[in-house]
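Take a look at the letters that make up each chain.
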Amino acid sequence: MKKWTTLIVLALFICLVGCEFPTTTKEEHHYDEGTIIKDATCTKTGIIEYTCLDCGKKKKEEIPLKDHDYEIVEVESTCGEVGYFARVCKNCDYFEKIQEKSPVDHVIRSKVEEPSIDGSVGTKRYYCSVCGKEFLSFPYVENGFSRFGKLHVSGRNLVDANNNSVQLLGISTHGLQWFGRYVNYETLYACKDAFNINVFRFSLYTAEDGYCESGSKRREELYQMVASGIRIATELDMYAIVDWHMLGADDPNDKNPLYYLDEAKEFFDRISFEFKDYDNVFYELMNEPNGSTTWSDCKEFAEEIIPIIRKNNPDAICLIGNPSWSADLTGPMRSPLDYSNIMYTYHFYAADNMTIQNVIDGYNAGLPIFITEHGGMKSSGDGAINERNVNRWYEALDSRHISYVAWNLSNSKGSSSILKQNITVMNSFADGYLKEWGIFYKKHIKQVLGITE
Ligand SMILES: [Zn+2]
Ligand SMILES: [Zn+2]
Ligand SMILES: [Zn+2]
């Protein structure tokens, strides 16, 4: 009997289990492929609805977010903002910066606002030509090459094409063998703007480790400083003076320009050929002859050099020195050179108590005079500025439209260098950086030009 019971229980169990599974299968729905009620986007989930093919039962499911549809956009840098590459979605406002581009500087331009070209005081403005941002503005008189053009000598005057007399006002470099670092675009640009000058003189010393005492490599470097100075001055709309700075400070032979005649011939031939198409370059043949040098030595030298320059540039204005450190015009008055387009140089240092009468006599005698060097101090280049004397000179020169150039653009020792000795800043000529002489001269030029600040 027990055996039967076991069999029955087993049979019941099998039956129960066997009947259980078919019952569950019977309740499963057979859904269709579904109908999208609302499709998903990259920002919102969607809804899909399924319908059972057997019983019509419906169920809804969520459609997950779709991927963004990326594209790469490139935004160029402007002077105001840094550009970038970014990944963005075509369908939503997803934005991811991938990489920044290089920043772009403002495109700084300057202009002198009306009235500009007639010598009246305008306003020089520095601004960005792209975004218009203004950086700086100050009173300025346009007095460069674009205003006066190619100059020539007419009688005793330096004149423009319409024979209007032109007064150039400028600054000379110190010896390029020591202070050539100032011959660069930023420095000369800043100097021109601050002083409102229109001529730079580039002093190529012959001696004192200068051009004639240097080996070929250094000689070439010094030549290139002058050449680069001319190019920069030209870019800055200025005139340039090439100064063959013979002086004899450390070599008595160098007191006479004839001593380095061969070097001078070669130099002037090369530089006047290189710049034969430039209408803004003056050639100063001899800085300061002195010692026993006579006016006839100076003439002889000039007669050698002028034809060399004129062969390359027939219209170049040549500036001729004279004995006694270019402070004695009696020679030229007595026996002038027989060339057109030449001027006689005169150098004065106002604290030396030099007489202005020599210049007035020369002027009255019809000599075209160009002061290629001067200072308010002693000719040693040091000591106090004699304001009373230098103002007297300026009165005499300005009333006659005689051009002048101040000594010197450097931070050398001595009161004649316009920059303070400890100043290493190369691109500012603000008063704080200047010695008394620099401040004085800057103010004076502005007075001449009618600028009141
Ligand atoms: Zn169903
Ligand atoms: Zn998206
Ligand atoms: Zn800008």
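Basis of the calculations
- Residues numbered from 1 in each chain as written.
- Chains lettered and ligands numbered in written order.
- Predicted model: local features only at pLDDT ≥ 70, side-chain atom pairs only at ≥ 80, totals over all residues.
- Heavy atoms only, no water.
- Salt bridge = Lys/Arg side-chain N within 4 Å of Asp/Glu carboxyl O.
- Helix = DSSP H or I, 4+ residues; strand = E, 2+ residues; numbered from the N terminus.
- Buried < 20%, exposed > 50% of the residue type's maximum accessible area, 1.4 Å probe, protein only.
- Axes fitted to C-alpha atoms, helices over the stretch in contact; angles between N-to-C directions.
- Parallel < 35°, antiparallel > 145°, perpendicular 65-115°, else oblique.
- Left-handed = near helix turned anticlockwise from the far one by under 90°.
- Contact = heavy atoms within 4.5 Å.
- Nonpolar A, V, L, I, M, F, W, Y, C, P; charged D, E, K, R; others polar.
- Pairing = 2+ DSSP bridges.
- Donors = N, O, S within 2.8 Å, 3.2 Å for Na, K, Ca; no water.
- Tetrahedral: all angles 85-135°; square planar, octahedral: opposite > 155°, others 65-115°.
- Patch = residues over 30% accessible without salt bridge, like charges linked within 9 Å, V, L, I, M, F, W, Y side chains within 5 Å.
- Areas by Shrake-Rupley, 256 points an atom, 1.4 Å probe, with all protein chains shown as cover.
- Expected span 1.5 Å × (residues − 1).

Novice: Please explain the pattern of salt bridges as it appears in this structure.
Specialist: Between side chains of opposite charge, pairing is possible as soon as their charged atoms come close. Under the defined criterion, the tally for this structure stands at 23 salt bridges. Glu76 is the partner of Lys101 in a salt bridge, and the nearest nitrogen-oxygen pair spans 3.2 Å. With Lys101 in the loop between strand S6 (95-100) and strand S7 (108-113) and Glu76 in the loop between strand S4 (70-75) and strand S5 (84-89), this residue pair connects regions lying 25 residues apart in the sequence. Overall, the relative accessible area of 19% leaves Lys101 in the buried class. In this structure Glu76 comes out as exposed when scored by relative accessible area, which is 51%. A salt bridge links Lys124 to Asp193, with the nearest nitrogen and oxygen atoms 2.8 Å apart.

Novice: What is the right way to read the packing of helix H6 (residues 261-274) against helix H7 (residues 295-312) from this model?
Specialist: Each pair of packed helices gets described by two things: the angle between the helix axes and the distance between those axes. At a minimum axis distance of 8 Å, the contact between H6 and H7 shows a crossing angle of 20°. One way to sum up the angle between H6 and H7 is to call them roughly parallel. Crossing handedness for the pair H6 and H7: right-handed. In this structure, H6 uses Leu261, Ala264, Lys265, Phe268, Asp269, Ser272 and Phe273 to contact H7, whose residues at the interface are Phe301, Glu304, Ile305, Ile308, Ile309, Lys311 and Asn312. Considering only residue class, the contact of H6 with H7 consists of eight nonpolar, two polar and four charged.

Novice: Explain the environment of Ser216 to me, please; I cannot follow it from the model alone.
Specialist: Locating Ser216 in the fold gives a position in helix H5 (residues 216-235). Residues Ser216 and Tyr441, 225 residues apart in the sequence, show an inter-C-alpha distance of 37 Å.

Novice: Can you help me understand the sheet that holds strand S1 (residues 35-38) in this one?
Specialist: The strands making up a sheet associate through hydrogen bonds between their backbones, and the pairing can be parallel or antiparallel. Sheet architecture is open: three strands sit in the order S1-S2-S3, paired in antiparallel fashion. Lying at the two open borders of the sheet, with one neighbouring strand each, are S1 and strand S3 (58-63). In this sheet, neighbouring strand axes are inclined to one another by 30° on average, regardless of whether the strands run parallel or antiparallel. Where strand S2 (residues 46-51) meets S3, six bridges bridge the pair, whose relative direction is antiparallel. Residue pairing in the sheet places Gly46 in a bridge with Ile63 of S3.

Novice: Could you clarify how one ought to interpret the coordination of the zinc ion (ligand 3) in this entry?
Specialist: Around a metal, the perfect tetrahedron of four donors has angles of 109.5 degrees, and the perfect octahedron of six donors has angles of 90 or 180 degrees. Distances from the zinc ion (ligand 3) to its protein donors, namely Cys79 (SG), His106 (ND1), Cys128 (SG) and Cys131 (SG), fall within the range 2.1 to 2.2 Å. Classification of the site at the zinc ion (ligand 3) rests on its four donor atoms, whose angles at the metal span 101 to 115°, yielding the label tetrahedral. Sequence positions of the donors to the zinc ion (ligand 3) reduce to the motif C-x26-H-x21-C-x2-C. Taken together, the residues Cys79 in the loop between S4 and S5 and His106 in the loop between S6 and S7 connect sequence positions 27 residues apart. The exposure class of Cys79 is buried, given its relative accessible area of 12%.

Novice: I would appreciate a short explanation of a nonpolar patch on the surface in the present structure.
Specialist: On the surface, Ile108, Phe135 and Leu136 cluster together to form a nonpolar patch covering roughly 260 Å² of accessible area. Relative to the elements of secondary structure, Ile108 occurs in strand S7. Take Ile108: its relative accessible area is 40%, and that puts it in the partly exposed class.

Novice: Would you explain H5 in this entry?
Specialist: Two residues of an α-helix separated by three or four positions point the same way, owing to the 3.6 residues in each turn. With 20 residues, H5 extends 28 Å from end C-alpha to end C-alpha; this agrees with the ideal 28 Å at 1.5 Å per step. Here H5 has its buried residues at Leu222, Tyr223, Met225, Val226, Ala227, Gly229, Ile230, Ile232 and Ala233. Looking at the buried positions of H5, the neighbouring elements they touch are helix H3 (176-179), helix H4 (185-195), strand S13 (199-205), strand S14 (239-245), H6 and strand S15 (281-284). Just downstream of H5, Asp237 is the residue with a positive phi angle, here 65°.

Novice: Explanation requested: the sheet that holds S7 in the structure shown.
Specialist: What the three strands build is an open sheet, ordered S7-S8-S9; its pairing is antiparallel. The sheet terminates laterally at S7 and strand S9 (134-140), the two strands that pair on one side only. Going across the sheet, the axis of each strand differs from the next one's by a mean of 20°, ignoring polarity. Alignment of strand S8 (residues 122-128) against S9, held across six bridges, turns out to be antiparallel. In the sheet register, Thr123 faces S9, and the bridge partner there is Pro139. In the packing of H4 onto the sheet, the strands contacted are S7, S8 and S9, and the crossing angle to S8 comes to about 145°.

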